[in-house]
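Summary of the model geometry
Listed here are the chains, written in short residue letters.
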Amino acid sequence: MIAAVVCVQLAASLGYYAVMAHLVTHLRDDVGLLAGTIALVLGLRVGLQYALFLPFGWLVDRIGPGLAGAVACVFRVGAFALLGLADQLGGFVAAALLLAIGGALFHPAAQTLLARLPGEVRPKGFGTYVVTGQIAAVAGPPVGLLLLGGGFTLVAGAAATAWAVSAALFWTLRGWGGPDGKAQGLMLARGVAEVVRDRPYLRFALVTAPGTLLVSQTVSVVPLSVRDAGLTTLFFCTVAVATAGVQPLVARRAARPWVMRSGMLCLGAGYVVLAAYPLLAGWEVAVLVAAAVFNGLGNGLTTPAAFQTIVGRAPEGRVGVYNGMYAFLSGLVAFAGGLVVGRLFDAGSVTAALLGLALLATASAAAHRAGPAARP
C-alpha cells in the first residue's frame, strides 16, 4: 500500500509543481493580470480548498480514501486542462475552484491511508510520502520550464496527464482504503462538535493555523519579487531539497513541541531574508537560496509535526474530520492573509508584506507550547 500511495504522490506532485512554479509568471506576463488579481485567484484556491477540508475530511471517512482520492484526481485533471486553455479571468477562477475541490479530497484521502498503517511503520511511511513529494517538487519546476518552450498549454496538459495516472492508482486502492466502519454512522455536525469539544486540540489548531499561509505565500511572493523564471525555479527546487533533507531528523520526533516551534521560526526567517533580496546587489542568488533553505526547513518541520499530532489525537475513524478542522482553520488564515499580502504588493509595500509574514510566524511559534497529548 505504501508503494501505491508513494507513486500517487510522485505523479500528482510532479504535475502540480511543473505548473504552479510558472503559473504566476503566466498570469502576469501572458494574460496581463495585476498582482492583486493573481493573489485573489490563488487565495481563492487555497482558502476554498482548506475550507472544504472540514466536510470533505468527514466524507473521506464515510466513503473511504481510495474512492475519494480517485475522484479528487479527476477534478484536478479538469482543473489543469482548464488552466492550459483559459485566457480570461473567469476561466482561471473556474480552474481555481476545481483545484480547490480536488485538493480538499486528495490530501485527506492520502493521509487517511497513511494513518491506517501500523503505528511502528507510520512515521517512516509518512516520511517517505513527504520525501517523494519533495523529489517531485525538485523535478517539477525544471520539467515545467523545459515544456514552457512549447507554451503554457503544453505544461498544463502534461500536468493533467500526470493526475490522470494518479486517479488510476487511487482506484486500485479502493479495496484497501474502504470506508471506516466506525465512521459510517457519524453525521458531519456530530463529528465537528466532537472536534470542537476537544479543547487542547482546538487550541493547537488555532495557534499553528498560520503555517499554511506561510508555506503557500512563496508561490506568489517569490515570482512577484524576483521576476525571473530561472531564479524562481532555483528557489522552489531548493525549498524541496531542504524539506526532504530534514525528514530523517524528524520522522520519529515530529510530535515534540520543538519541531513545530522551530518550523515556524524557520518560515519567518525565510521571509526576513527574502525582504533583504533587493537590498543586496550582487548577492541575489545567495540571498534567494538562503530564503529557500529556511522556507524548506520550515515546511519540512511543520508538516510532519501537524500530521503526527492529528493522527495521535484523533479517535479511531475520525482522522478525516480532525484533519479537516485543522485544515479549515488554516485555510481561513491563508485566504485572508493572501488578500492582505496581495494588496500590499499592489501598493508597493513589498517589505512590509514580507516582514508582516515573518512577525506572524514568530507570534505563532511563541504561542505554541505543546501539542495535545496523544490518545491511548
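Here is a short report on the structure shown in this document. Keep in mind that this is a model prediction, so the values were computed, not measured.

Notes on the overall build of the protein
Broken down by element type, the protein carries 16 helices and 0 strands. Taken over the C-alpha atoms alone, the protein extends approximately 55 × 45 × 35 Å along its principal axes. Here the protein holds 376 residues, and the buried ones make up 56% of them. Restricting the contact set of the protein to residue pairs at least 6 apart, pairs at least 24 apart contribute 86%.

A short note on a nonpolar patch on the surface
A cluster of nonpolar residues, Ile63, Leu67, Val71, Phe75 and Trp171, forms a patch on the protein surface that exposes about 390 Å² of accessible area. At 3 residues, the largest contribution of residues to the nonpolar patch is made by helix 3 (residues 65–85). Looking at the element boundaries, Trp171 is found in helix 6 (residues 152–171).

Quick notes on the packing of helix 1 (residues 2–31) against helix 3
Describing two packed helices takes the angle between their axes plus the distance from one axis to the other. Following both chains from N to C, one finds helix 1 and helix 3 inclined at 40°, their axes separated by 12 Å at the closest point. The crossing of helix 1 and helix 3 is left-handed. Taken together, the residues of helix 3 that come into contact with helix 1 (itself represented by Tyr16, Val19 and Leu23) are Arg76, Phe80 and Leu83. Of the residues in the contact of helix 1 with helix 3, the class split is 5 nonpolar, no polar and 1 charged.

Remarks on the nonpolar core
Among the nonpolar cores identified, the biggest contains 111 residues, and Phe80, Leu83, Phe106 and Phe170 are the most heavily contacted of them. If sequence neighbours within four positions are ignored, Phe106 has contacts with Val8, Gln9, Ala12, Ala72, Cys73, Tyr129, Trp163 and Phe170.

Let's talk about the pattern of salt bridges
Here the structure, examined in full by the defined rule, presents 2 salt bridges. Between Arg313 and Asp198 there is a salt bridge, with the nearest N and O atoms lying 2.8 Å from each other. Placement of Arg313 in helix 14 (residues 284–313) and of Asp198 in the loop between helix 7 (188–197) and helix 8 (199–207) is noted, with a sequence separation of 115 residues between them. Each member of the pair, Arg313 together with Asp198, is buried.

Details of helix 16 (residues 350–367)
Taking 1.5 Å as the rise per residue, helix 16 with 18 residues should run 26 Å; its terminal C-alpha atoms sit 26 Å apart, in good agreement. Of all the residues in helix 16, the buried ones are Ala353, Leu354, Leu357, Ala358, Ala361, Ser364 and Ala365. One side of helix 16 carries all its buried residues, which in axial view fall inside an arc of 135°. Of the exposed residues in helix 16, those oriented more than 90 degrees away from the buried face are Leu359 and Ala366. The inward-facing, buried residues of helix 16 abut helix 8, helix 9 (210–216), helix 10 (218–226), helix 13 (257–275) and helix 15 (319–346).

Section: the state of the cysteines
By the definition in use, this model includes 0 disulfides. With no disulfide partner, Cys237 has as its closest neighbouring cysteine sulfur the one in Cys266, 20 Å distant. Judged by relative accessible area, which is 14%, Cys237 ranks as buried.

Overview of the packing of aromatic side chains
One pass over the full model with this rule turns up 8 aromatic pairs. Pairing Tyr201 with Phe204 gives two aromatic rings, centres 6.3 Å apart and planes at 40°, and the pair type is tilted. Linking Tyr201 with Phe204, this pair stays in helix 8, spanning 3 residues, or about one helical turn. The burial state of Tyr201 is the same as that of Phe204; both residues are buried. With centroids separated by 5.3 Å and ring planes inclined at 90°, the aromatic side chains of Phe235 and Phe236 adopt a geometry described as edge-to-face. Considered together, Phe235 and Phe236 belong to a single accessibility category, that of buried residues. Taken together through their ring pairs, the aromatic side chains of Phe80, Phe106, Trp163 and Phe170 make up a single cluster.

So, helix 2 (residues 35–63)
The end-to-end C-alpha distance of helix 2 is 39 Å, a good match for the 42 Å that 29 residues give at a rise of 1.5 Å each. Roughly 45° is the biggest bend found in helix 2, and it falls at Leu54, with proline Pro55 one to four residues downstream. Note on helix 2: the residue one or two positions beyond its end, Gly64, has a positive phi of about 100°.

Focus on the environment of Ala104
Take Ala104: it is sitting in helix 4 (residues 89–115). Expressed as a C-alpha distance, the spacing of Ala104 and Ala139, which sit 35 residues apart in the sequence, is 24 Å. If near-sequence neighbours (up to four positions away) are discounted, Ala104 is found in contact with Gln49, Leu52, Phe53 and Phe56.

Considerations on the side chain of Gln134
As for its placement among the helices and strands, Gln134 is situated in helix 5 (residues 122–147). Other than its neighbours up to four places away in sequence, Gln134 contacts Tyr17, Val239, Ala240, Thr243, Ala244 and Asn299.

So, the side chain of Thr132
Residue placement: Thr132 occurs in helix 5. With near-sequence residues (within four places) excluded, Thr132 lies in contact with Val6, Gln9 and Leu10.

About the cut-offs
- Every chain is numbered independently, its residues counted from 1 as its sequence is written.
- Only residues with pLDDT of 70 or above have their local features reported here, since the model is predicted, and side-chain atom pairs are shown and tallied only from 80 upward, although totals for entire chains, interfaces and linings are computed over all residues.
- Each side-chain value is worked out from all heavy atoms of the structure, with water and hydrogens disregarded.
- Comment: elements are numbered from the N terminus, with helices defined as DSSP H or I runs of at least four residues and strands as E runs of at least two.
- Each residue's exposure class comes from its accessible area (1.4 Å probe, protein chains only) as a fraction of the maximum for that residue type: buried when under 20%, exposed when over 50%, partly exposed otherwise.
- The contact criterion used throughout is that any non-hydrogen atoms of two residues lie within 4.5 Å.
- Excluding any residue in a salt bridge, patches collect residues exceeding 30% relative accessible area, merging like charges within 9 Å and nonpolar Val, Leu, Ile, Met, Phe, Trp and Tyr side chains within 5 Å.
- Here, Shrake-Rupley sampling with a 1.4 Å probe gives the accessible areas, and only protein chains in the shown set may cover a residue.
- Salt bridge, as used here: a side-chain nitrogen of Lys or Arg that lies within 4 Å of a carboxyl oxygen of Asp or Glu.
- Axis lines are fitted through C-alpha atoms, for helices just across the contact stretch, and the angle between N-to-C directions can take any value from 0 to 180 degrees.
- What makes a crossing left-handed is the near helix being turned counterclockwise from the far one by less than a right angle; a clockwise turn instead makes it right-handed.
- The residue classification treats Ala, Val, Leu, Ile, Met, Phe, Trp, Tyr, Cys and Pro as nonpolar and Asp, Glu, Lys and Arg as charged. All others, Gly included, are polar.
- By nonpolar core is meant a set of buried Ala, Val, Leu, Ile, Met, Phe, Trp, Tyr and Cys residues that side-chain atoms within 4.5 Å join together.
- Any helix carries an expected span of 1.5 Å times its number of residues minus one.
- For this quantity, the arc is that covered by the directions from the helix axis to the C-beta atoms.
- In plain terms, two cysteine sulfur atoms within 2.5 Å form what is called a disulfide here.
- Here a pair means two rings of Phe, Tyr or Trp (six-membered ring of Trp) with centres within 6.5 Å. Their orientation is stacked below 30 degrees between planes, edge-to-face above 60, and tilted elsewhere.
- Here the bend at a residue means the angle between the axes of two seven-residue stretches, the one that ends at it and the one that starts at it.

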